[in-house]
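# Report on the structure
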Amino acid sequence: MIRNFDPDKKPALRALIVGASGGIGLAIARALIAKGIQCILHGRNKTKLDDLQSNLRRDGFAVETLCLEISSTCDHSELAAVACRVDMLVFAYGSFLYKTLAQTDDSDWNETVYANLTLPGFIASQAAVAMAGRGFGRILLFGGTRTDAIRGFKHNAAYAAAKTGLGVLNKSIAAEFAPQGVSCALLCPGFVETEYLSAAFKQELLQKSPSKQLIQEAEIALLAVQLLTGGMDLCNGAIINADGGLYSL
């Protein structure tokens, strides 16, 4: 049975968006807020988070913020504790590394895998246990472009390896916690236009895009909200490509 979102029946739903100070994470946060979901926005830059909170308040929306650095040397118990108190967890953070294997050193491997697999694995697992105890929860993870299956990559192998591993995490959460009302899905976006793209990299991606256009953040946010507010129960454990039909590179 699909448990559709009904704001009249459950007005107090809360969501934590990790990586919400910009890009896809912020777009999802705005879309969830518009749905009446109480959001906690995580970011690493306090000034940026404070400005975002002020702007949302001027628009009539009250949100909480959580400023925490993400690194293998940091203590993330506070992030885990917050994740365990919400109904929805969106992990839209993941540092991108664009290096060949020959250029990738041990520090690159450690930090890239930690940010893109180890930390989301730990936080999502803790959240799933807590959600299962309450009988409801939704977890949305974000993979990378074309990391829905095992592939070779010439320029971002460490990043892609970590993101591909999220597929196992996603399906494992569904396998273990679906009977307790917890749903999980993994979105693998294509080339999305965000403020983090340099002009040169944007042009490179435009040339590789099948439509010669970049996907807009709002498109990904719309799909994410559709999953979080009902559709995820039906596709629990699914790895979903949102890449506009991207061909093999």
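Summary of the structure given here. All of these numbers come straight from a predicted model, not from anything done at the bench. (Residues numbered from 1 in each chain as written. Predicted model: local features only at pLDDT ≥ 70, side-chain atom pairs only at ≥ 80, totals over all residues. Heavy atoms only, no water.)

## Concerning the overall build of the protein
Our working definition: Each helix is a run of H or I in the DSSP string that is no shorter than four residues. Each strand is a run of E no shorter than two, and both are numbered from the N terminus. Throughout, exposure labels follow a simple rule: accessible area from a 1.4 Å probe, protein chains only, divided by the maximum for the residue type, with under 20% read as buried, over 50% as exposed, and the rest as partly exposed. Whether two residues are in contact is decided by their heavy atoms: any pair within 4.5 Å suffices. Computed by Shrake-Rupley with a 1.4 Å probe, the accessible areas treat only the displayed protein chains as cover when residues are assessed.
If you tally the helices and strands in the protein, you get seven helices and nine strands. Within the span of the protein, comprising 249 residues, buried residues form 49% of the whole. Restricting to contacts in the protein with at least 6 residues of sequence separation, those with at least 24 account for 75%. On the protein, roughly 11700 Å² of surface is accessible, and the fraction owed to carbon and sulfur atoms is 54%.

## With respect to the packing of helix H4 (residues 106-134) against helix H5 (residues 157-177)
Going by this rule: For helices, the fitted axis covers only the stretch in contact; all axes are lines through C-alpha atoms, and the angles between them, taken along N-to-C directions, range from 0 to 180 degrees. Throughout, the term roughly parallel applies to angles under 35 degrees, roughly antiparallel to angles over 145, roughly perpendicular to angles from 65 to 115, and oblique to all others.
For the pair H4 and H5, the least separation of the axes is 9 Å and the interaxial angle reads 10°. As judged from the angle between their axes, H4 and H5 are roughly parallel. Along its contact with H4, which presents Trp109, Thr112, Val113, Asn116, Leu117, Pro120, Gly121, Ala124, Ser125, Ala128, Val129 and Ala132, the element H5 presents Ala158, Tyr159, Ala162, Lys163, Gly165, Leu166, Leu169, Ile173 and Phe177.

## A look at the nonpolar core
Convention followed: Definition of nonpolar core: a set of buried residues of the types Ala, Val, Leu, Ile, Met, Phe, Trp, Tyr and Cys, connected through side-chain atoms within 4.5 Å.
Ranked by size, the top nonpolar core spans 36 residues in total, and within it Ile17, Leu32, Leu41, Leu140 and Leu187 carry the most contacts. It is helix H1 (residues 23-34) that contributes the most residues to this core, seven residues altogether. Here Leu41 is in contact with Ile17, Ala20, Ala29, Leu49, Leu52, Leu56, Val63, Glu64, Thr65 and Leu66, once residues within four sequence places are set aside. With 33 residues, the next largest nonpolar core counts Leu16, Leu89, Ala124 and Leu166 among its residues.

## Observations regarding the packing of H1 against helix H7 (residues 217-228)
The condition is simple: Whether a crossing is left-handed or right-handed is set by the direction in which the near helix is turned from the far one by less than a right angle, anticlockwise for left-handed and clockwise for right-handed.
Relative orientation of the contacting elements H1 and H7 amounts to 55°, with a least axis distance of 8 Å. Between H1 and H7, the angle is such that the two are oblique. As for how H1 packs across H7, the hand of that crossing is right-handed. Contact residues: Gly23, Ile24, Ala27, Ile28, Ala31 and Leu32 in H1; Glu217, Ile220, Ala221, Ala224, Val225 and Leu228 in H7.

## Description of unusual backbone geometry
With a phi close to 65°, Arg146 is a non-glycine residue in the positive phi region. Here Arg146 shows up in the loop between strand S5 (137-142) and H5. Positive phi, close to 60°, is recorded for Lys212, a residue that is not glycine.

## A look at H4
Which entries qualify depends on this criterion: Here, expected helix span is obtained from the residue count minus one, scaled by 1.5 Å. Note on bend: at a given residue it equals the angle between the axes fitted to the 7 residues ending there and to the 7 starting there. Polar contact is defined as a pair of N or O atoms within 3.5 Å, subject to the rule that within protein one atom must be able to donate a hydrogen and the other to accept it, and that residues adjacent in sequence are counted only when both atoms are side-chain atoms.
The terminal C-alpha atoms of H4 lie 40 Å apart, and with 29 residues this matches the ideal 42 Å at 1.5 Å per residue to within 8%. The largest bend along H4 reaches roughly 50° and is located at Tyr114. Residue Asp105 occupies the N-cap position of H4, its side-chain oxygen lying 3.1 Å from the main-chain nitrogen of Ser107. One or two steps after H4, the chain reaches Gly135, where phi turns positive at roughly 85°.

## Quick notes on the packing of aromatic side chains
Selection rule: Pairs were defined over the aromatic rings of Phe, Tyr and Trp, the Trp ring being its six-membered one, requiring ring centres within 6.5 Å. Orientation was assigned from the angle between planes: stacked under 30 degrees, edge-to-face over 60, tilted for the rest.
Enumeration according to the criterion identifies four aromatic pairs in this entry. Through a chain of ring-to-ring contacts, the aromatic side chains of Phe96, Tyr98, Tyr159 and Phe201 assemble into a single cluster.

## A look at the environment of Thr100
Assignment of secondary structure puts Thr100 in the loop between strand S4 (88-91) and H4. Here Thr100 falls in the partly exposed class, since its relative accessible area comes to 22%. Residues in contact with Thr100, not counting those within four places in the same chain, are Lys154 and His155.

## Observations concerning the pattern of salt bridges
To keep it simple, the criterion reads: Salt bridges are defined by distance alone: a side-chain nitrogen of Lys or Arg within 4 Å of a carboxyl oxygen of Asp or Glu.
The final tally for this structure, using the stated rule, is seven salt bridges. Two residues, Arg14 and Glu64, come together in a salt bridge whose shortest N-O distance is 2.5 Å. Placement of the pair is Arg14 in strand S1 (residues 14-18) and Glu64 in strand S3 (residues 64-67), with a sequence separation of 50 residues. Classification of Glu64 by relative accessible area gives partly exposed; the value is 42%.

Keep in mind these numbers describe shape, not what the thing actually does.
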